[in-house]
Amino acid sequence: MSKNASSADNQQERLRLEGWINGFVDGEGCFTVSIIHGKYSPQVFPEFVVSQGEKSISALKKIEKFFKCGHINLNSRHDNHHEQMLKYCVRSIHDLNEKVIPFFEKNKLKTYKQKDFQIFRKIIRMMVVRNHKTEKGLKKVQSLIQTMNRRKYKALKSSETIRRTLS
């Protein structure tokens, strides 16, 4: 078998995996940004999260391996699930900007999450150039957050953030 045939197979497999990840995130993923009002100054806290029941941890591991960043941990939500919920989470601005965002720019989401992604991308780009550190920039981030995930902006207090982060 020639190298080209093997390379074509690998490319086809990668395209299938990219399509699978894209669809999985459309159904089970979330782009979210919180503002933490800590002791000294507010902090912008972005996350890309994919949630799944413990029995499907292999799906989260496949996503983690693909992006080569982030981590899987216990999801702290308490609802009517009959198994532990896990989440794959990427919080690093560098990884979000260099790995996650380029993937979803190339592989557009099909649901309302595409709009959330576009807003998320705008906030991350502001953070990369540190615009969120100014009062005007922080207000812009707050305004953008209000348009995401079909909910109102809520500033998190430090203790609430610590609980969410540790769990």
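If you're wondering where the values come from, they're calculated on a predicted model, not measured in any experiment.

S.K.: So what's going on with the nonpolar core? Which residues, and what values?
M.R.: Grouped together as the largest cluster of nonpolar side chains are 36 residues, with contacts concentrated most on Phe31, Phe48, Phe67, Tyr88, Phe104 and Ile123. Elements that contribute at least two residues to this core include exactly helix H1 (3–28), strand E1 (29–37), strand E2 (42–53), helix H2 (57–67), strand E4 (85–90), helix H3 (93–106), helix H4 (113–128) and helix H5 (135–145). For this core, the element with the highest residue contribution is H4, accounting for seven residues.

S.K.: Report on H5, specifying residues and quantitative values.
M.R.: Each α-helix turn comprises 3.6 residues. Residues three or four places apart therefore point the same way. What H5 keeps buried is the set Gly137, Leu138, Val141, Leu144 and Ile145. One side of H5 holds all its buried residues, which, seen down the axis, span an arc of 120 degrees. Exposed and oriented more than 90 degrees from the buried face of H5 are Glu135, Lys136 and Lys139.

S.K.: Explain the packing of aromatic side chains residue by residue, including any values.
M.R.: Applying the stated criterion across every chain, the model contains 14 aromatic pairs. Ring plane angle 85 degrees and centroid distance 6.2 Å describe the contact between Phe48 and Tyr88, whose orientation is recorded as edge-to-face. Here the residue Phe48 occupies a position in strand E2, and Tyr88 occupies one in strand E4, the gap between them amounting to 40 residues. Take Phe48 and Tyr88: they sit in the same class, and that class is buried. Members of the aromatic cluster, joined through ring pairs, are Phe31, Phe48, Phe66, Phe67, Tyr88, Phe103, Phe104, Phe117 and Phe120. Against the face of Trp20 rests Lys62, its NZ or CZ located 5.2 Å from the ring centre.

S.K.: Would you mind going over unusual backbone geometry in detail, with residue names and values included?
M.R.: A positive phi is found at Lys68, a non-glycine position, where the angle reads about 55 degrees. Within the secondary structure, Lys68 sits in the loop between H2 and strand E3 (71–74). The residue Arg130 is not glycine, and still its phi comes out positive at about 65 degrees. Positionally, Arg130 belongs in the loop between H4 and H5.

S.K.: Describe H3, with residues and values.
M.R.: The end-to-end C-alpha distance of H3, which contains 14 residues, comes to 19 Å, matching closely the 20 Å that a straight helix rising 1.5 Å per residue would cover. Those residues of H3 that fall on the buried side of the exposure criterion are Asp95, Leu96, Asn97, Val100, Ile101, Phe103 and Phe104.

S.K.: An account of the packing of H4 against H5 is needed here, citing residue identities and associated values.
M.R.: Running from amino to carboxyl end, H4 crosses H5 at an angle of 165 degrees, the nearest separation of the two axes being 10 Å. Comparing their axes, H5 and H4 come out roughly antiparallel. Crossing angle aside, the handedness with which H4 passes H5 is left-handed. In this structure, H4 contributes Ile119, Lys122, Ile123 and Met126 to the contact, and H5 contributes Gly137, Lys140, Val141, Leu144 and Ile145. When the residues that make up the contact of H4 with H5 are grouped by side-chain class, the tally is six nonpolar, one polar and two charged.

S.K.: Hey, could you go over the side chain of Asn22 for me, with residue numbers and the actual values?
M.R.: By the element assignment, Asn22 lies in helix H1. By relative accessible area, which is 7% here, Asn22 ends up buried. Within the structure, Asn22 has its side chain in polar contact with the backbone oxygen of Lys108 (distance 3.4 Å). Excluding residues that lie within four positions of it along the chain, Asn22 makes contacts with Phe103, Phe104, Asn107, Lys108, Leu109 and Lys110.

S.K.: Describe the pattern of salt bridges, listing the residues and the values that go with them.
M.R.: A side chain of one charge can pair with a side chain of the opposite charge if their charged atoms are brought near each other. One pass over the structure, following the stated rule, counts eight salt bridges. Here Arg121 makes a salt bridge to Glu105, at a shortest N to O gap of 3.4 Å. Remark: Glu105 occurs in helix H3 and Arg121 occurs in helix H4; sequence separation between them is 16 residues. Look at Arg121 and you get partly exposed, because its relative accessible area is 22%. The shortest N-O distance in the salt bridge between Glu135 and Lys139 comes to 3.5 Å. Residue Glu135 and its partner Lys139 are located together in helix H5, separated by four residues, close to a single helical turn. Each member of the pair, Glu135 as well as Lys139, is classed as exposed. Within the structure, one salt-bridge network assembled from shared partners comprises Arg14, Glu18 and Lys106.

Conventions adopted
Residues numbered from 1 in each chain as written. Predicted model: local features only at pLDDT ≥ 70, side-chain atom pairs only at ≥ 80, totals over all residues. Heavy atoms only, no water. Core = buried A, V, L, I, M, F, W, Y, C linked by side-chain atoms within 4.5 Å. Buried < 20%, exposed > 50% of the residue type's maximum accessible area, 1.4 Å probe, protein only. Helix = DSSP H or I, 4+ residues; strand = E, 2+ residues; numbered from the N terminus. Arc of directions from axis to C-beta. Phe/Tyr/Trp six-rings, centres within 6.5 Å; stacked < 30°, edge-to-face > 60°. Lys NZ or Arg CZ within 6 Å of the ring centre and 35° of its normal. Expected span 1.5 Å × (residues − 1). Axes fitted to C-alpha atoms, helices over the stretch in contact; angles between N-to-C directions. Parallel < 35°, antiparallel > 145°, perpendicular 65-115°, else oblique. Left-handed = near helix turned anticlockwise from the far one by under 90°. Contact = heavy atoms within 4.5 Å. Nonpolar A, V, L, I, M, F, W, Y, C, P; charged D, E, K, R; others polar. Polar contact = N/O pair within 3.5 Å; in protein donor to acceptor, adjacent residues only side chain to side chain. Salt bridge = Lys/Arg side-chain N within 4 Å of Asp/Glu carboxyl O.

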